[in-house]
Amino acid sequence: MSIARPVVRTVARNLLLMGAFTTAATAPFPVDAQSASEVESLQKQIEELQKQIDDLRQKQTETARRVEEPPTVGSGNDKVRLSISGQVDRAVLMTNDGHSSDAFFVDNDNSSTRIRMIGEADASDDVTIGSNIEVQFKSNASTAVNQRDERNVGPNNFTERKMEIYVDSKSLGRLSLGQGDTASNSTSEVDLSGTTVVGYSSIADMAGGILFRDGSDFTDITIGDGFSNLDGLSRDDRIRYDTPDFGGFKLSGSLVADERSDIAARFSRQYGETRVAAAIAYAHDDGDFDQVNGSASVLFANGISLTAAGGNRDNDNRDDGRFIYGKVGYETKLVEYGTTAFAVDYQHGEDIGADGDKGNSFGAFAVQNLDDLATDLYFGYRYYDLDRNNFDLDAINAVMTGARVKF
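No experiment lies behind these values; they were computed from the predicted model shown. (Residues numbered from 1 in each chain as written. Predicted model: local features only at pLDDT ≥ 70, side-chain atom pairs only at ≥ 80, totals over all residues. Heavy atoms only, no water.)

## A closer look at unusual backbone geometry
Here is step 1: Phi is positive for N152, close to 55°, though the residue is something other than glycine.
Here is step 2: Relative to the helices and strands, N152 resides in the loop between β4 (127–136) and β5 (159–169).
Here is step 3: Positioned with a positive phi, N390 is a non-glycine residue whose angle comes to about 70°. (Helix = DSSP H or I, 4+ residues; strand = E, 2+ residues; numbered from the N terminus.)

Now the structure itself:
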């Protein structure tokens, strides 16, 4: 209940009483000077109370406006809307390589620290012209730290994610030019489990730089060398076109620098309280590989989610690489602050990093959303086991816990 309501009721009651006094005071009966003074005093009180009511109403209106209209950022061009957003994602990563345990303070590469600036101007009711700058700053990235280099690893500066301009038409689709997502990027990563901040099909993101041991000796083989979700052509300098949405379906295609190209189809729709999403892509890298990959996920009304992904890379110069991935999740509301999500997953890959490779990994995750704070708290565990010819590699266990704060 609004705090202004009891005040308004009290003021209204006083107004009624004073109105009665005023009526009595102004009735056609003789009044003396004292009565006239009292009437004048009552009228002043009525005016003051009316002013208080008006002030309360004004404050309520301003508060409602602040809630309904989020703050905006000013642009150097008054014809362009500018929005700034991003996140900071920091974690503690603990690993055991079969012989020693280590702890690292990392930027979580499942969802790295980043900032983006989007400027848009409406050319018409149908067409919007936009620009997008998105950069990341991964201090001690979880994919870079290892047992030999525990700190000051990776570029200690901003690195590009997106530097693009686009024309977006509601009726004709979207055309993008510059550094950004290729059509096939993220097609292996459709996931409705609510736990992607700590674990999804790109399983090397948690601890990709950790070195495998062969007996007591370190090798030069990292987790990232042996595991991949074959997720298209990633982000690159390209020209990309996306069709409008047709009943949940959308097609995309891009021409990428260095004679590469890809096409993709995506689907996303809600059926009652059940959500469904899927993607599939074909990518060509001239002189290197041709690849097909995809993923699908469904979140049921009861909070259970099922996710699957897979891909096959036809390499030009060695054996084909392939992977399959599966995940089961559950979302619920354990506390009033936000959704709690749990999940377990498994991935198997072959010939990913080298001919004859066989990799297996499974993980378990928990994420607590704090909606009012735009924060996610997370915990994850993952097991990595890689078989490679001429090596006897020990399995690696990794645990990550941390927080992502968005703005």
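## What to know about the nonpolar core
Here is step 1: Core analysis: the largest hydrophobic core is formed by 32 residues, its most contacted members being L93, M206, A207, F212, I223 and Y384.
Here is step 2: Going through the elements one at a time, β1 (81–96), β2 (101–107), β15 (321–335), β17 (358–370), β18 (375–387) and β19 (396–406) are the ones with two or more residues in this core.
Here is step 3: Each residue touching Y384, except ones within four places of it in the same chain, is listed here: I203, A204, M206, A207, F212, I223, F227, N360, S361, A395, I396 and A398.
Here is step 4: The next biggest cluster of nonpolar side chains, apart from the first, holds 5 residues, and it includes V190, L192, A277 and L299. (Core = buried A, V, L, I, M, F, W, Y, C linked by side-chain atoms within 4.5 Å. Buried < 20%, exposed > 50% of the residue type's maximum accessible area, 1.4 Å probe, protein only. Contact = heavy atoms within 4.5 Å.)

## Points about the packing of aromatic side chains
Here is step 1: Counted by the stated rule, this structure contains 5 aromatic pairs.
Here is step 2: Relative to Y381, the ring of F362 has its centre 6.4 Å away and its plane inclined at 55°; by these criteria the two rings are tilted. With F362 in strand β17 and Y381 in strand β18, this residue pair connects regions lying 19 residues apart in the sequence.
Here is step 3: Three or more aromatic residues joined by ring pairs form one cluster here, namely F362, Y381 and Y383.
Here is step 4: Sitting over the ring of Y166, R174 keeps its end group 3.7 Å from the ring centre.
Here is step 5: For R313, the ring lying beneath its charged end belongs to F289, and the centroid distance is 4.0 Å. (Phe/Tyr/Trp six-rings, centres within 6.5 Å; stacked < 30°, edge-to-face > 60°. Lys NZ or Arg CZ within 6 Å of the ring centre and 35° of its normal.)

## Points about the environment of D351
Here is step 1: Secondary-structure assignment places D351 in the loop between β16 (338–350) and β17.
Here is step 2: In sequence terms D351 and R313 are 38 residues apart; their C-alpha atoms lie 9.5 Å from each other.
Here is step 3: Setting aside residues up to four positions removed in sequence, D351 forms contacts with R318, D319, D320, G321, R322, G356 and D357.
Here is step 4: Here the side chain of D351 touches G356 through a polar contact of 2.6 Å, landing on its backbone nitrogen. (Polar contact = N/O pair within 3.5 Å; in protein donor to acceptor, adjacent residues only side chain to side chain.)

## Some details on the environment of G209
Here is step 1: With respect to the helices, strands and loops of the structure, G209 is situated in the loop between β6 (173–181) and β7 (211–214).
Here is step 2: The class of G209 is buried, set by a relative accessible area of 5%.
Here is step 3: Spatially, the C-alpha atom of G209 lies 7.0 Å from that of S142, the residues being 67 residues apart in sequence.
Here is step 4: If near-sequence neighbours (up to four positions away) are discounted, G209 is found in contact with S142, T143, A144, V145, N146 and T222.

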